[in-house]
Amino acid sequence: MVDIPEHLLKRSKDAKGKAGGAADAPADAPEPEEAAGAAEASEADAPAAAESSGIPAHLLARSKAARSKGGDEGDDAGGATKAATATKTPPAKAAPAAKPAAAGAGPARTQRLLAVVKAGSIQTTKKDPVDKVNVWPHLLVEEFVALLLVTAFLMVFSVLLSAPLQDQANPNLTPNPSKAPWYFLGLQELLTMFHPMVAGVTIPGIGIFALLAVPYIDRNPATKPSERKFAIAIFTFFLIYWSVLVMFGVFFRGPGFNFVWPWADGIFFDF
Amino acid sequence: MATKTNGNGNGKGKIAESVSNVMTEKVHGGQVWSSIFRPGSVFRKGYSDSPRNRAYTVMNSVLYHLHPVKVKRHAVKVSYTLCLGGVSFFLFILLTVTGIFLMFVYRPTAANAYQDIQALQTQVAFGLLVRNLHRWGAHLMTFTVFLHMARVFYHGAYKPPREFNWVVGVILLVLTLMLAFTGYLLPWDQLALWAVTVGTNMIGFTPVFGDQVRFILLGSNEIGPNTLLRWYTLHVLMFPFILVIFLAIHFWRVRKDGGISGPL
Ligand code: HEM
């Protein structure tokens, strides 16, 4: 049997008491269906009873039509709503809640079962409590300190080291070597190995596409490093590979983009 | 409060005191002041450190309310995000501010650009410093965005429900690179011209429409005055504009996806 929370039990008992009317309302353990509160839609069986139940005529007509169609209207919801098909059920068997009514003196009632909801889905409406802290002051103070540190660092750096400014641009004078900015030096390095189309278009294209697709390729839900060794290994591999290419381009390429030892021939690079 | 004395017996304290009283009562407590600073502002009269004011401080400030009122405890650990996303964002703001100052001096024409940079460095007060801040800030931002991406990867922070924010992030990465690259041309020195030449030559090898794309980007077949104007416009207007839009989506998604991921 499913665990039914206290307050739902109480509610269903109250409801039963009301529905029972004259009948002696037995307080037997309710079925999960009722606890779910889904079997509330009741309808009168005969038109004669319509007046007493106070249900508008057009709704009655609609429910009758639905009933005559019977169960061939399959439920497409599936899963939790396995009993959601609208089927005609004899009053006595309709749902336990209807029992007192059937036994009692009142008009015969039919209960229609609309859905069976699993207990879990109505019990976990509340989120688990999360340990939280106020953004002010805790986060804002940290951000402010980070901001000051970055500003201070950049200030000192900018006072000590000036941005390069070489001679005015001259299309007729190609410097040797000509290097791309550092973030594209990896591509320039690839240029020494592959056809320009492969190095300059295909590989970066695949690279960006692969990056975009990362969340859809890696379907492993784990976030613990020990449970995603492959993903980490492959990302680290590319990260190192890329860094090595960039470093190589920065330090080990001289005139003609040929290999040099930076300590012997100097560094041919400017930021 | 108004009747308190400092007890040192000389009149100076009294004057200072009445000045401070006027400050608190008339200015600090006045209508003008409290219309500027919304409830919860630390500048408001009677600010006290209460849970309510802590919440108000965030909610009632246009800048701070990028944040929720509360975050998970582990989210404020510097060791988790390493502040890399935040630092990238701050650098972007710093680049916007310094960039605007540079625009006061710089003209994007082949005849003026180089001389303007020289003048900036030698004749404009703090011109060299601002240029250095802009240049080093740009390199640093490119780097921190890379690092931010790596930290997000190593935390598996792109996993559901954050897949799309990773995609937005990759777009931000590409935009950051494009901003850095278009800016690289603007000093119009040999370094700029030839670095961009190397970079854009590759575009021409794109199958089918490579030459057309290159022509559109350069404004001619070779890098020249047209390129300068085009890349200037891209650099100061178009790319920042697009970047800001995607930044808004990025931050919004961080919140909608339930705040920072983790703890691991
Ligand atoms: C202009 C560049 C970018 C800025 C300013 C930026 C800013 C931020 C900020 C402030 C956060 C909050 C957490 C943190 O500080 O780490 C964040 C989270 C995130 N960013 Fe970025 N970001 C940028 C680029 C990227 C890139 C290139 C990627 C990935 C390819 C990315 C993916 C993410 C993801 C998935 C999160 C959620 C992380 C989590 O929940 O732990 N972002 N970003």
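Rules and cut-offs
- Residues numbered from 1 in each chain as written.
- Chains lettered and ligands numbered in written order.
- Predicted model: local features only at pLDDT ≥ 70, side-chain atom pairs only at ≥ 80, totals over all residues.
- Heavy atoms only, no water.
- Helix = DSSP H or I, 4+ residues; strand = E, 2+ residues; numbered from the N terminus.
- Buried < 20%, exposed > 50% of the residue type's maximum accessible area, 1.4 Å probe, protein only.
- Contact = heavy atoms within 4.5 Å.
- Areas by Shrake-Rupley, 256 points an atom, 1.4 Å probe, with all protein chains shown as cover.
- Phe/Tyr/Trp six-rings, centres within 6.5 Å; stacked < 30°, edge-to-face > 60°.
- Lys NZ or Arg CZ within 6 Å of the ring centre and 35° of its normal.
- Core = buried A, V, L, I, M, F, W, Y, C linked by side-chain atoms within 4.5 Å.
- Patch = residues over 30% accessible without salt bridge, like charges linked within 9 Å, V, L, I, M, F, W, Y side chains within 5 Å.
- Salt bridge = Lys/Arg side-chain N within 4 Å of Asp/Glu carboxyl O.
- Domains from an automatic or database assignment.
- Near = heavy atom within 4 Å.
- Polar contact = N/O pair within 3.5 Å; in protein donor to acceptor, adjacent residues only side chain to side chain.
- Nonpolar A, V, L, I, M, F, W, Y, C, P; charged D, E, K, R; others polar.
- Axes fitted to C-alpha atoms, helices over the stretch in contact; angles between N-to-C directions.
- Parallel < 35°, antiparallel > 145°, perpendicular 65-115°, else oblique.

Draft legend 1. Geometry of the overall build of chain B. Across its full length, chain B holds 11 helices and 1 strand. Ordered by position from N to C terminus, the α and β elements of chain B give α-α-α-β-α-α-α-α-α-α-α-α. If you line up chain B on its principal axes, its C-alpha atoms span 85 × 55 × 30 Å. For chain B, the residues scored as buried account for 45% of the 264 residues in total. Summarising the internal contacts of chain B: among those between residues at least 6 apart in sequence, 59% fall at separations of at least 24. As displayed, chain B offers around 13800 Å² of accessible surface, 69% of which is attributable to carbon and sulfur atoms.

Draft legend 2. Local environment of the packing of aromatic side chains. Summed over all chains, the structure comprises 29 aromatic pairs over all chains. Aromatic pair Trp182(A) and Phe143(B): ring centres 6.3 Å apart, planes at 70 degrees, arrangement edge-to-face. Linking Trp182(A) in helix 8 (residues 182-191) with Phe143(B) in helix 7 (residues 127-154), this pair reaches from one chain into another. Overall, the relative accessible area of 42% leaves Phe143(B) in the partly exposed class. Aromatic ring contacts, followed pair by pair, group Trp182(A), Tyr183(A), Phe184(A), Phe143(B), Phe181(B) and Trp231(B) into a single cluster. One Lys or Arg, Arg228(A), reaches over the ring of Phe153(B) and ends 5.3 Å from the middle of that ring. The cationic tip of Arg135(B) hangs over the ring face of Tyr184(B); the distance from NZ or CZ to the ring centre is 4.9 Å.

Draft legend 3. Geometry of the nonpolar core. Membership of the largest hydrophobic core comes to 70 residues, with the highest contact counts inside it found for Tyr183(A), Trp166(B) and Trp188(B). Among the elements that line this core, the one with the most residues is helix 8 (residues 163-185) of chain B, at 12 residues. Val135(A), Leu139(A), Val58(B) and Ala75(B) belong to the second largest nonpolar core, which has 8 residues in total.

Draft legend 4. Summary view of a nonpolar patch on the surface. All names here are of chain A. Residues Phe-153, Met-155, Val-156, Phe-157, Val-159, Leu-160 and Leu-161 make up a contiguous nonpolar surface patch of about 680 Å² in total accessible area. Mapping Met-155 onto the fold places it in helix 7 (residues 135-160). Judged by relative accessible area, Met-155 falls into the partly exposed class, the value being 34%.

Draft legend 5. A look at the domain arrangement of chain B. Assigned domains within chain B: domain 1 (12-65) and domain 2 (73-256). Between domain 1 of chain B and domain 2 of chain B, the C-alpha centre-to-centre distance is 40 Å.

Draft legend 6. Spotlight on the pattern of salt bridges. All names here are of chain B. Scanning the entire structure with this criterion turns up 8 salt bridges over all chains. The closest approach of N and O atoms between Asp-116 and Arg-107, which form a salt bridge, is 2.9 Å. Note that Glu-222 is salt-bridged to Arg-214, the shortest N-O span being 3.9 Å.

Draft legend 7. Seen up close, the site of the ligand. Residues and elements named next belong to chain B. The environment of the ligand is formed by 27 residues, the closest being His-148, Arg-151, Gly-169, His-250 and Ser-261. Within the backbone of Gly-86, a nitrogen or oxygen atom sits 3.5 Å from an oxygen atom of the ligand. Between the ligand and His-250 there is a distance of 2.7 Å, counted from a nitrogen atom to a side-chain nitrogen or oxygen. Mapped by element, the contributors of at least two residues to the shell around the ligand are helix 5 (84-103), helix 7, helix 8 and helix 11 (225-256). The dominant element in the shell around the ligand, judged by the number of residues it contributes, is helix 8, at 7 residues. The class makeup of the residues in the shell around the ligand is 14 nonpolar, 11 polar and 2 charged.

Draft legend 8. A look at the packing of helix 10 (residues 210-218) of chain B against helix 11 of chain B. Residue and element names in this part refer to chain B. At a minimum axis separation of 7 Å, helix 10 and helix 11 run at an interaxial angle of 80 degrees. Considering the angle they form, helix 10 stands roughly perpendicular to helix 11. On helix 11, the residues that touch Phe-215, Ile-216, Leu-217 and Leu-218 of helix 10 are Asn-226, Thr-227, Arg-230, Trp-231 and Leu-234. Considering only residue class, the contact of helix 10 with helix 11 consists of 6 nonpolar, 2 polar and 1 charged.

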